[in-house]
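# Summary of the model geometry
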Amino acid sequence: MNRRVIIALTLAWLAACSRPSPELQVVVDAAAALGGRERILAVGSIVMEGQGMNGAAGGSVTPDAPPNQWAITDYARTIDLANGRARLSQTRTAQFPFALATVARQDQRLDGDVAFNVIAGAEGQPSRTNRAAAAVATERRADVLSHPVALVRAALDPAATVSNLRTEDGQSHVDITTAQGDVLTLAIDPTTKLPTHIARRSSDPNWGDIVIETTISDYQDVNGLKLPTRFVTRQDQWTLSDIRISRTTLDGDTSALVADDAVKSAPLPTPPAINVTSEQIGKGIWWLAGGSHHSVLFEFDDHTTLFEVPLDDARTQAVIARARSLVPGKPLTHAIVSHHHLDHAGGFRAAVAEGLTIITQRGNESFLREIATRPHALSPDALEQAKKEAKFEWIDDELVLKDRTNEIILYKANGNIHTGLLIYGWVPRDRMLVQADFYDAGWLQHPWADNFVENVKTRKLNVDRDVPIHGPIQKWPDVIATIESKRSTKTN
């Protein structure tokens, strides 16, 4: 064979071998559209400033209403690509009636695998908190990769893998596994080749297997790169954030992102021990406290009923175990869920797994049925393993639970601006009010206090004691005195 032919064939073979795979070509195209491979690899850091909003999935007035929103100002997000560091600082102002501080300042940082927060010290100087859990570092690294330059840069790493090329909604999608093992999906526009959204799978204690997707848009030229100026992040159907960037700076000073030795050497925090205390507060009635969220157990002639299954599986399972130990001869059969907010209904799946019938307001039906049936394959919980079907008993305006042993009347709260489907309990014999999120002595302010008092008056309840799911048990005059003392409290 002619030597020139051999050389030509060899060069053609080498060119074919060096040609990117179709999957990697999507990344190469995105890199070119963003400004080129070399420009992307040369960027040291990206600083974005702007404003927007945050939302909370499951935090709304009613289950089908949009999430409560926080207005975001002083937004500054730094991505140190060269050193694997990041920072998010912002001021959040509640756009809804809130019982705690309506303005919150956040400063969250990442240095490699060390996640930490910074709080304002007494002299206004930064004071670093201890390291956050390892899972927080993973989440913050994933947040960094929601920026297209960061993800494309990570995908260009020879240690990364790009796979599963497909077309969805008219866009090219590939799955990227970074050198650190993070798995994300990148979508690019077939015409501009610019990234349009970045998604990742995650696990939520209540919602189970979820998809967190950031939509990227409104690109502008910044020093040789095309960079987005709008980031909208959703968890399934809920918008978690919508940030508009007004200014982007490349290769600025990132020294403030470095975790000092004290932070790096601090041990990872261990989850606090679950403590469930019990105090008998009436005949056949126990207050199960010991944490931020309490529950109340009612004993009837042939069974017991629990008011509230809060926070998560672990807390609720511990509460259920204590409830059963208090009245071992009678089965625990029912659990009352006061409202749909997930700090109060977070143990709902655990209660279903234990076979309890759930008593709650009828308007929560579709919300709770969805939570009960969502898959939890990524992090199987008790209900995922038990495969039980949820059982419900619904309240419209009033439900009486009564036998010769005990009586509790469940009422729907009317006109409450915190949650429109709140229910509370009334024990006539003891003149005892059992309620969640109507009132807490520890709140900084009481924006729906008048509604609380009005509901008590409308139902003609002559209250002796308030037994809350948050805060201490109080006599009714003390409740009123607390409310009055905090009417003018400033929460900024």
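Residues numbered from 1 in each chain as written. Predicted model: local features only at pLDDT ≥ 70, side-chain atom pairs only at ≥ 80, totals over all residues. Heavy atoms only, no water.

## Some points on the overall build of the protein chain
- Scanning the protein chain for helices and strands turns up 13 helices and 26 strands.
- Taking the principal axes of the C-alpha coordinates as reference, the protein chain spans close to 105 × 55 × 40 Å.
- Going through the 492 residues of the protein chain one by one, you find that 51% of them count as buried.
- In the protein chain, the share of contacts with a sequence separation of at least 24, taken over all contacts with a separation of at least 6, comes to 60%.
- Distance between charge centres in the protein chain, computed from 51 positive and 59 negative side chains, equals 2 Å. (Helix = DSSP H or I, 4+ residues; strand = E, 2+ residues; numbered from the N terminus. Buried < 20%, exposed > 50% of the residue type's maximum accessible area, 1.4 Å probe, protein only. Contact = heavy atoms within 4.5 Å. Lys, Arg positive; Asp, Glu negative; His and termini not counted. Charge placed at Lys NZ, Arg CZ, Asp CG, Glu CD.)

## Considerations on unusual backbone geometry
- Phi at D218 takes a positive value of approximately 55 degrees, unusual for a residue other than glycine.
- Judged by its relative accessible area of 42%, D218 is partly exposed.

## Focus on the pairing of strand β13 (residues 238-250)
- Of the pairings in the sheet, the one linking strand β1 (residues 45-55) to β13 comprises nine bridges and is antiparallel in character. Counted as the bridge partner of Q51 is R244 from β13.
- Note that strand β12 (residues 225-235) and β13 share six bridges and pair antiparallel. Residue pairing across strands places T233 opposite S241, the latter belonging to β13.
- The turn joining β12 and β13, which pair antiparallel and follow one another in sequence, is formed by two residues; a positive phi near 55 degrees is taken by D236. (Pairing = 2+ DSSP bridges.)

## Concerning the environment of L311
- Among the structural elements, L311 can be located in the loop between β17 (304-307) and α7 (313-326).
- By relative accessible area, which is 32% here, L311 ends up partly exposed.
- A sequence separation of 33 residues divides L311 from H344, and the C-alpha atoms of the two residues are 5.8 Å apart.

## A short note on the packing of aromatic side chains
- Taken as a whole and assessed by the stated rule, the structure comprises 13 aromatic pairs.
- Taking the centre distance of 5.5 Å and the plane angle of 90 degrees together, the rings of W70 and F96 count as edge-to-face. Taken together, the residues span a long stretch of sequence, with W70 in strand β2 (residues 69-80) and F96 in the loop between β3 (85-94) and β4 (103-111) at a distance of 26 residues.
- Given a relative accessible area of 16%, F96 falls into the buried group.
- Summarising the aromatic geometry, the rings of F348 and F392 are spaced 6.0 Å apart at their centres and angled 20 degrees between planes, so their arrangement reads as stacked. Pair noted here: F348 is in helix α9 (residues 348-353) and F392 is in strand β20 (residues 391-395), with a separation of 44 residues, a long-range link. Summarising the burial analysis for this pair, F348 and F392 share the class buried.
- Taken together, the ring pairs in this structure connect Y411, Y424, F438, Y439, F452 and W476 into an aromatic cluster.
- Here the basic side chain of R77 rests over the ring of F231, its NZ or CZ set 5.7 Å away from the ring centre. (Phe/Tyr/Trp six-rings, centres within 6.5 Å; stacked < 30°, edge-to-face > 60°. Lys NZ or Arg CZ within 6 Å of the ring centre and 35° of its normal.)

## A short note on the sheet that holds strand β22 (residues 407-412)
- If you walk across this open sheet you meet the six strands as β21-β22-β23-β24-β25-β26, and the pairing is mixed. Lying at the two open borders of the sheet, with one neighbouring strand each, are β21 (398-402) and β26 (474-475).
- The pairing of strand β24 (residues 432-435) with strand β25 (residues 465-468) spans four bridges and is parallel. Looking across to β25, one finds that Q435 is bridged to P468.

## Quick word on the sheet that holds strand β15 (residues 285-289)
- Sheet architecture is open: seven strands sit in the order β14-β15-β16-β17-β18-β19-β20, paired in mixed fashion. Bordering the open sheet on either side are β14 (277-282) and β20, each of which pairs with just one other strand. The average angle at which neighbouring strand axes cross in this sheet is 25 degrees, direction not considered.
- In this sheet, strand β18 (residues 332-336) lies alongside β17 in parallel orientation, the contact comprising four bridges. When the bridges of β18 are listed, L306 appears paired with A335.
- Along the sheet face, α7 touches β14, β15, β16 (295-299), β17 and β18 and points at about 150 degrees away from the line of β15.
- Sitting on the sheet, helix α10 (residues 365-373) touches β19 (357-361) and β20, and the angle it makes with β20 is about 165 degrees. (Axes fitted to C-alpha atoms, helices over the stretch in contact; angles between N-to-C directions.)

By themselves these figures say nothing about function.
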